[in-house]
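Structural description and commentary
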Amino acid sequence: MAAYIHHPSGRLVRHTIKKLGHPILFLLFFLVIYGLLGCNVGPKYVRPVVPAPPAFKESGPQQAADGTTWKSARPQDDVLRGKWWEIYQEPELNELEDKLNISNQNIVQAFDNFMAARAQVQQARSNYFPTVSVGLSYSRNRSSQSQLSPFSISKSNPNTNLFNLPFDVSWEPDLWGRIRNTVRQHAYAAQVSAADLENEKLIEQANLAVFYFELRGQDALEELFRKTVEVDRQSLELTRVLYKTGLGNDEAVAQAEITLTSAEAAATNTGIARAQFEHAIALLVGEPASSFSIPVKPLTTHVPDIPVGVPSELLERRPDVAAAERTMAEANAVIGVEKAAYYPTLTIGGTIGFEASKFSKWLTSPSRYWSVGPNASETIFDGGLRKSTLAQDRALYAADVAGYKQTILTAIQQTEDSLVSLRLLTQQIEQQQETVASAQRFLDVATVRYKTGIDAYLNVFTAQSVLLTNQQTVIALRVQQITSSVQLIEALGGGWNVSQLPSEHDVASTHR
């Protein structure tokens, strides 16, 4: 080796290594850094498996004793997509829903929250890149003359200028995945916000449909009371005629008057609920209640067949389930951020600039200066801070897992509730309609017997009350049935699918 080094070519090698020593050192340093950039000390995220039943208990066709049925569409049918409310074939409802999606302020607020979450992803991604800053300074200084030799006082200028233009560069390589997990954390949080936005849309859309059908139910009640008032007015005229001819009595007239005025008062009372539903719809579509109105139209909508599918599909169709799942992924990324705190941090910094005492020489080559170098640091004692923080994050992740499972169980419960409600309401409406038919027959018989003088008017009075009560019950059941169908669609996730959730790349995009 000694002979080789003293060879002329050896001197050339030594000279070359001496000249290239620093670049080679930096090259090796950056190769090591590049290799470490692939490290990620955080746990790998795996979505927990939640077993789901193979089918809904209430999804099959259910037949009542009288042969009536309500059934959902078969699982192999297409699921609801897009504008799910169009399944009801109500043009007024379609128009209101379109307006709600644009003007509802809760939806607007949820959208802006989503945009803010997207901006946080960009903030986190900025840590991938170096930070470059520039400063410009000028100072004029005067030196103390008392510190100088008496022989040099007349030769030196105590006043000096200093022009400085430094460019500072600082970069922290993501050696242990801290930045990557931070970016993932905010990306998953943005996806949670996107799912929350879709869930808010679904809630507002379903509320609008429910209020709309409730309002139409009040219109149906008003129509019922209008017809009832007409019949009761004719009945009152009959009792008055019979009283004047001596075939009736004043008691019958009083009872007929009570029936008429009660129906009129009930008709007036329906206006309160109708106005309140109208005001609620105005709020949902973003309009002042004072200038908003919906024309009267009785409830004529029939409950459509609704494609239900199987319980496992709720994981793909409900935005609140998607939000709960993304929340778990976010919590898992936070654990990765905290685990990276156990490892040393490395910062590479550098400065280049121009410094001179004369402006004319400021930006010239001899005035250049630079420095570059890494800086590593490691926390060796923190009083258990990192350990306790990591334990907290793991506990929060476990809590999010429980919340995810609870959300799925709630989704299945809500779907089953709506299905059984539709099935039993269908049977109850049929039974109630038979009751109405019997009450109508009771009134017809009582009226004939009263006109022929066989029975007192009290039987007619009772029959009228029984008929009106049962007719009101039918309308209430029909409203309950159709609103239950809306709640079923809401429980199924409306027309949404998890494929519509923006990806990590989408939420990191700067485009709206």
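Residues numbered from 1 in each chain as written. Predicted model: local features only at pLDDT ≥ 70, side-chain atom pairs only at ≥ 80, totals over all residues. Heavy atoms only, no water.

Description of the overall build of the chain
Rule in force here: Think of it this way: any DSSP run of H or I at least four residues long counts as a helix, any run of E at least two long counts as a strand, and we number them from the N terminus. Only protein chains enter the accessibility calculation, which uses a 1.4 Å probe. A residue is then buried if its area is under 20% of the maximum for its type, exposed if over 50%, and partly exposed in between. Note on contacts: a residue pair qualifies if any of its non-hydrogen atoms lie within 4.5 Å across the two residues. Each accessible area is a Shrake-Rupley estimate made with a 1.4 Å probe; only the visible protein chains count as cover when residues are assessed.
Counting its secondary structure elements, the chain contains 11 helices and 7 strands. Buried residues in the chain amount to 39% of all 512 residues. Sequence-distant contacts, at least 24 apart, represent 83% of the contacts inside the chain between residues at least 6 apart. Here the chain has roughly 28,600 Å² of accessible surface; of this, 58% comes from carbon and sulfur atoms.

Quick look at the packing of helix H6 (residues 250–284) against helix H10 (residues 457–491)
This is how the line gets drawn: Lines fitted to C-alpha atoms define the axes here, with helix axes fitted over just the stretch in contact, and angles between the N-to-C directions of these axes take values from 0 to 180 degrees. Between 65 and 115 degrees an angle is taken as roughly perpendicular, under 35 as roughly parallel, over 145 as roughly antiparallel, and anywhere else as oblique. Here the nonpolar group is Ala, Val, Leu, Ile, Met, Phe, Trp, Tyr, Cys and Pro; Asp, Glu, Lys and Arg are the charged ones; every other residue, Gly included, is treated as polar.
As a packed pair, H6 and H10 sit with axes 9 Å apart at the nearest point and diverge in direction by 10 degrees. Between H6 and H10, the angle falls in the class roughly parallel. Of H10, the residues touching H6 (which contributes Ala252, Gln255, Ala256, Ile258 and Thr259) are Tyr457, Leu458, Phe461 and Gln464. The residue makeup of the contact of H6 with H10, split by class, is 6 nonpolar, 3 polar and no charged.

Quick word on the nonpolar core
Just so we agree on the cut-off: In plain words, nonpolar cores are sets of buried Ala, Val, Leu, Ile, Met, Phe, Trp, Tyr and Cys residues tied together by side-chain atoms within 4.5 Å.
The biggest cluster of nonpolar side chains holds 78 residues, and the ones touching the most others in it are Trp84 and Phe213. It is helix H5 (residues 178–244) that contributes the most residues to this core, 19 residues altogether. In this structure Trp84 touches Leu202, Gln205, Ala206, Ala209, Val486, Ile489, Gly494 and Gly495, once residues within four positions along its chain are discounted. Counting residues in hydrophobic clusters, the runner-up holds 18 residues, among them Leu236, Val253, Ala263 and Val436.

Examining unusual backbone geometry
The backbone of Gln89 sits at a positive phi, close to 55 degrees, despite the residue not being glycine. Turning to its location among the elements, Gln89 is positioned in the loop between strand E2 (69–70) and helix H3 (91–103). For Gln89, a relative accessible area of 68% corresponds to the exposed category.

Here we look at the packing of aromatic side chains
Operational definition: Pairing of aromatic side chains requires ring centres within 6.5 Å, counting the rings of Phe and Tyr and the six-membered ring of Trp. Pairs whose planes differ by under 30 degrees are stacked, by over 60 edge-to-face, and all others tilted. Whether a charge sits over a ring depends on NZ of Lys or CZ of Arg being within 6 Å of the ring centre and within 35 degrees of the ring normal.
Scanning all chains against the criterion turns up 10 aromatic pairs. Here Phe163 and Phe359 contribute two aromatic rings whose centre-to-centre distance is 5.6 Å and whose plane-to-plane angle is 65 degrees, an arrangement assigned as edge-to-face. Taken together, the residues span a long stretch of sequence, with Phe163 in strand E5 (residues 159–171) and Phe359 in the loop between strand E6 (345–356) and strand E7 (368–377) at a distance of 196 residues. By relative accessible area, Phe359 is classed as exposed at 57%. Every member of this aromatic cluster is reached through a ring pair, and the members are Tyr138, Phe163, Phe359 and Trp362. The ring of Tyr188 carries Arg326 above its face, with NZ or CZ at 4.8 Å from the centroid.

Remarks on helix H9 (residues 385–451)
Formally: Expected helix span is given by 1.5 Å per residue-to-residue step, counting one fewer step than there are residues.
End to end, H9 covers 92 Å across 67 residues, agreeing with the expected 99 Å (1.5 Å per residue, within 8%). Backbone geometry just after H9 places Gly453 at a positive phi near 80 degrees.

Observations concerning the pairing of E6
Operational definition: Strand pairing is assigned whenever DSSP detects at least two bridges linking the two strands.
Examined bridge by bridge, E5 and E6 share 9 bridges and lie antiparallel to one another. Looking across to E6, one finds that Pro166 is bridged to Gly353. Looking at chain direction, E6 and E7 are connected through 10 bridges and run antiparallel. Residue pairing in the sheet places Phe354 in a bridge with Arg368 of E7.

Remarks on the confidence of the model for the chain
The line we're drawing: For every residue, the predictor states its confidence as a pLDDT score lying anywhere from 0 to 100.
Averaged over every residue, the pLDDT of the chain is 86; the share at 70 or more is 86%. Averaged pLDDT values over the elements of the chain bottom out at 38 in helix H1 (residues 2–6) and peak at 96 in H3. Counting interchain partners and residues more than four positions distant, the pLDDT-below-50 stretch residues 1–21 has 7 contacts. Overall, residues 72–77 carries pLDDT values under 50, and its contacts beyond four positions in sequence, including any with other chains, amount to 8 contacts.

Things to note about H3
We count it as follows: Summarising the geometry, the arc corresponds to the directions from the helix axis toward the C-beta atoms.
Taking 1.5 Å per residue as the helical rise, H3 with its 13 residues ought to reach 18 Å, and the 18 Å between its terminal C-alpha atoms agrees with that figure. Every buried residue belonging to H3 is among Leu93, Asn94, Leu96, Glu97 and Leu100, and all of these are buried. The buried residues of H3 occupy an angular sector of 165 degrees when the element is viewed end-on, so they sit on one face. Residues of H3 that are exposed and angled more than 90 degrees away from the buried face: Pro91, Glu95 and Ile102. Taken together, the buried residues of H3 touch helix H4 (105–125), H5 and H6.

Brief notes about the side chain of Gln205
The residue Gln205 is located in helix H5 in this model. When sequence neighbours within four positions are dropped, the list of residues in contact with Gln205 reads Trp84, Trp85, Glu97, Leu100 and Asn101.

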